[in-house]
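Each chain, written out:
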Amino acid sequence: MFNTDQTENEIKLLKYRKNLITSGRAVVAFCVWDIAKVVMSLLLKSTYTLDLANTYHTDDKPLFFFEVFFTVVVFAVIIYMQIYAGVSAVAVGKGKKKGVGYLVISVLLLIVTVVSIVFSAASIVVSSIGTMQGVSFDTAFAGIILDLTLGAALIDLLISSFKVRRLSRVGEAGDK
Amino acid sequence: MQEDFHYYATYAAAILAGYNHEESAVICYSAQFVDLCTRTFLTRVKGPQNAATTQLQLELMDAPTDAVGLQDITRIWASFHFLPYDLYAEKPHTSKRYLRKYRLICGPNGKLTEDTVALAKGSSLQAAGLAMHVLADTWAHMYFAGTPSLVINNTESHFYEIFPDGSEKQIRFRHTTSPDDVENGIYTASIFQSSENSIMNLGHGRAGHLPDYSYIRYKYLPAWGGYREIIKDNPGDYYNAFRQMVHAMMYLRGDIPAFLTGCYEGTKADEYSDEIRRIINKRQISASDDWKAFGESLSGRTIPDFSVETYIDEYMNAPEEEKKETFLGRFFKAALAQKSMVTNRIYASGNRLAGYSVAQKKERVNE
């Protein structure tokens, strides 16, 4: 029969811990999408990228490569942040870790995701006017859908985290 | 449950209920045969296909999971192994589709258990044995449903064995064909399948064989439980199942006027409670040897080993008009009656998961 020792608080805590684990894993899994997005962009827009490189004067080639290097570094940092936030959320959900660092990073990732959605939407609008090259409606639309899903996972992660922290405090107060 | 309980323990219960050795042997053989009467077997003996009381894993792998296929699967498993507890159960804030599956959750002491025992009253010993299998399974398989459903039958990593001293250990299932390692607490379960109607989500597959081991206590989160833990006390449930079988068979013999659900005391099983509990609590995969020894000590006779071949020749060699009087013929008749009764009840409750009821349809034609 049902465990009569389980309080309502414990039931809710269990639910939000499970939520946290699921959203944490989703955030980590979306790294695959981020990497795929960049790779697809480079492959599909490879001609555009090469043309862009060739528009730099000979003296500005180092600048171009520095910008590429900087972009790669920023991208790697975002991927690391995503993995850190997701893995930390899973650890908190399993009760193995406490801390708020991953929450701060999750908020930053949410902001980045929202910005990405806005820019994708803008690129669709601009490309429909015909003033931007190398933008595919399908790619941008798919990107928006997936970024919305990532955003939902991050929001769920944040809400579940706050609920877990609050319910854990209630549980500890009750034990005392 | 397994052969140890369906065959040997049912024999012991039949002896305690007052049946003699020969009658008890028929009853316990029929109880165990419910786990072996497949369409493959029926094809071999040229028996009625509708009398199938179980399905082989290979048959399940080939079984379609469209609407008609699911109805066929549900008719078998809900009728013989996962008898629904309450066909009119309510759960707030759920869709009709979910509620239909929720109402198929198995549990002991339901109305259908009463009807199953009543159906066997005045019928053959084979019917009594079949009823005992169904009754016993309501205790072991409770909280699971006899229809493929992820949202009802799924479990997850929150699964802990509870030891007699109160300590707990998380159970991590593996998904191989290796036998369960009882000593080290390593068990096998079906693999997670996200498809709602996957065969992997039928019955207690996601909990492995744990419901069939009499010694184990465990807690887990059922998919339908809303994050509430279920504590499954197999030793207690198996003890009640045994005593209820004695009670039911005393009713079938006519020694008591009524079969009352929730009634376990007042039978000869009480005199042997220590021995019964010892067998149930012993940490082992199969308690056949212990139950056999117990049964033979009660009757003073040797219980023959179970063999699915025992009554095949009698059935196949009998003339067509005499087949129904053979052992298997009586069993098939009992199986058809049980399946029809349960399917009727499910259909009458407005649930189409077991398909249309032939009897109901005939009533409408005659109106």
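Reading the values: the criteria
Residues numbered from 1 in each chain as written. Chains lettered and ligands numbered in written order. Predicted model: local features only at pLDDT ≥ 70, side-chain atom pairs only at ≥ 80, totals over all residues. Helix = DSSP H or I, 4+ residues; strand = E, 2+ residues; numbered from the N terminus. Rg over C-alpha atoms; globule rule 2.2 N^0.38 Å. Buried ≥ 20, exposed ≤ 12 C-beta atoms within 10 Å, placed from the backbone. Contact = placed C-beta atoms within 7 Å. Pairing = 2+ DSSP bridges. Core = buried A, V, L, I, M, F, W, Y, C linked by C-beta atoms within 7 Å. pLDDT = per-residue confidence, 0-100. Expected span 1.5 Å × (residues − 1). Axes fitted to C-alpha atoms, helices over the stretch in contact; angles between N-to-C directions. Parallel < 35°, antiparallel > 145°, perpendicular 65-115°, else oblique. Left-handed = near helix turned anticlockwise from the far one by under 90°. Nonpolar A, V, L, I, M, F, W, Y, C, P; charged D, E, K, R; others polar.

Participant: So, the overall build of chain B: which residues are in play, and what are the values?
Facilitator: When helices and strands are tallied, chain B shows 15 helices and six strands. A globule of 367 residues ought to have a C-alpha radius of gyration of about 21 Å, and chain B, at 20 Å, matches this closely. Burial statistics for chain B: of 367 residues in total, 46% are counted as buried. For chain B, long-range pairs separated by at least 24 residues make up 65% of all intrachain contacts whose partners lie at least 6 apart in sequence.

Participant: Give me the lowdown on the overall build of chain A, citing residues and values where you can.
Facilitator: For chain A, the helix and strand inventory stands at five helices and zero strands. Listing the helices and strands of chain A from first to last along the sequence gives α-α-α-α-α. Taking all 176 residues of chain A together, 18% fall into the buried category. For chain A, long-range pairs separated by at least 24 residues make up 80% of all intrachain contacts whose partners lie at least 6 apart in sequence.

Participant: Explain the pairing of strand E5 (residues 217-220) of chain B residue by residue, including any values.
Facilitator: All names here are of chain B. Only one face of E5 is buried, namely the one carrying Tyr218 and Tyr220, since none of Arg217 and Lys219 on the opposite face is buried. Pairing analysis gives four bridges linking strand E1 (residues 159-162) to E5, with the strands arranged antiparallel. Across the sheet, residue Phe159 finds its bridge partner in E5, namely Tyr220. Relative to strand E6 (residues 230-233), E5 runs antiparallel, the two being bridged by four bridges. What sits directly across from Lys219, in E6, is Ile231.

Participant: Give a description of the environment of Val38(A) that names residues and reports values.
Facilitator: All names here are of chain A. In this fold, Val38 is placed in helix H1 (residues 8-44). Judged by local crowding, Val38 falls into the partly exposed class, with 14 C-beta atoms found within 10 Å. Separated by 37 residues in sequence, Val38 and Phe75 place their C-alpha atoms 9.1 Å apart.

Participant: Quick one: what's the story with unusual backbone geometry, residue by residue and with numbers?
Facilitator: Most of the time, phi is negative for any residue but glycine, and the peptide bond is trans. All names here are of chain B. Unlike most non-glycine residues, Asn109 shows phi in positive territory, near 60°. Counting through the fold element by element, Asn109 comes out in the loop between helix H6 (96-102) and helix H7 (111-120). The phi dihedral of Tyr143 is positive, around 80°, even though this residue is not glycine.

Participant: Could you give an account of the nonpolar core, with specific residues and numbers?
Facilitator: Ranked by size, the top nonpolar core spans 90 residues in total, and within it Ala13(B), Ala131(B), Phe242(B), Met245(B), Ala248(B) and Met249(B) carry the most contacts. Once residues within four sequence positions are removed from consideration, Ala131(B) is found in contact with Thr116(B), Val117(B), Leu119(B), Ala120(B) and Ala248(B). Counting 18 residues, the second largest nonpolar core, distinct from the first, contains Ile21(A), Val90(A), Leu109(A) and Leu154(A).

Participant: Could you give an account of the confidence of the model for chain B, naming the residues involved and the relevant values?
Facilitator: Residue and element names in this part refer to chain B. For chain B, per-residue confidence averages 92 on the pLDDT scale, and residues scoring 70 or more make up 97% of the total. Within the model, pLDDT remains below 50 along residues 362-367, and this stretch shows zero contacts once partners closer than five positions in the same chain are excluded. The ipTM for the predicted assembly is 0.76, set against a pTM of 0.87.

Participant: Give me helix H5 (residues 67-80) of chain B: which residues, what numbers.
Facilitator: All names here are of chain B. Here H5 spans 20 Å end to end across 14 residues, near enough to the 20 Å set by a 1.5 Å rise per residue. Of all the residues in H5, the buried ones are Leu70, Ile73, Thr74, Arg75, Ile76, Trp77, Ala78, Ser79 and Phe80. Close packing links the buried residues of H5 with helix H8 (125-140) and helix H14 (327-348).

Participant: Could you give me a rundown of the packing of helix H10 (residues 234-253) of chain B against helix H11 (residues 273-281) of chain B, with the residues and numbers involved?
Facilitator: Residue and element names in this part refer to chain B. It is the contact of H10 with H11, at a shortest axis distance of 10 Å, that shows an interaxial angle of 135°. In terms of orientation, H10 and H11 fall into the oblique class. Crossing angle aside, the handedness with which H10 passes H11 is right-handed. Of H11, the residues touching H10 (which contributes Pro235, Tyr238, Tyr239 and Phe242) are Ile276, Arg277, Ile280 and Asn281. For the contact of H10 with H11, the per-class residue count stands at six nonpolar, one polar and one charged.

Participant: Would you mind going over the sheet that holds strand E2 (residues 168-170) of chain B in detail, with residue names and values included?
Facilitator: Residues and elements named next belong to chain B. Pairing is antiparallel across the open sheet formed by four strands, whose spatial order is E2-E1-E5-E6. Whereas interior strands pair on both sides, the edge strands pair on one side only; in this sheet they are E2 and E6. Across the sheet, the mean angle separating the axes of adjacent strands is 25° when strand polarity is ignored. Two elements, E1 and E2, share three bridges in a ladder whose sense is antiparallel. Across the sheet, the residue bridging to Glu161 is Lys169, located in E2. Contacting E5 and E6, H10 crosses the sheet at an angle of about 55° to E6.

Participant: I'd like a rundown of H10(B), residues and numbers included.
Facilitator: Residue and element names in this part refer to chain B. Under the 1.5 Å per step criterion, the end-to-end length of H10 is 28 Å for 20 residues, consistent within 8% with the ideal 28 Å. Burial analysis of H10 places 16 of its 20 residues in the buried class, the great majority of the element. Following H10 by one or two positions, Gly254 has its phi on the positive side, about 95°.

Participant: Can you break down the packing of H7(B) against H14(B) residue by residue, with the values?
Facilitator: Residue and element names in this part refer to chain B. Relative to each other, H7 and H14 sit at 150°, their axes nearing to 11 Å. Here H7 is positioned roughly antiparallel relative to H14, judged by the angle of their axes. Remark: the crossing between H7 and H14 carries right-handed chirality. The residues of H14 that touch H7, namely those facing Leu112, Asp115, Thr116 and Leu119, are Ala337, Gln338, Met341, Val342 and Arg345. When the residues that make up the contact of H7 with H14 are grouped by side-chain class, the tally is five nonpolar, two polar and two charged.

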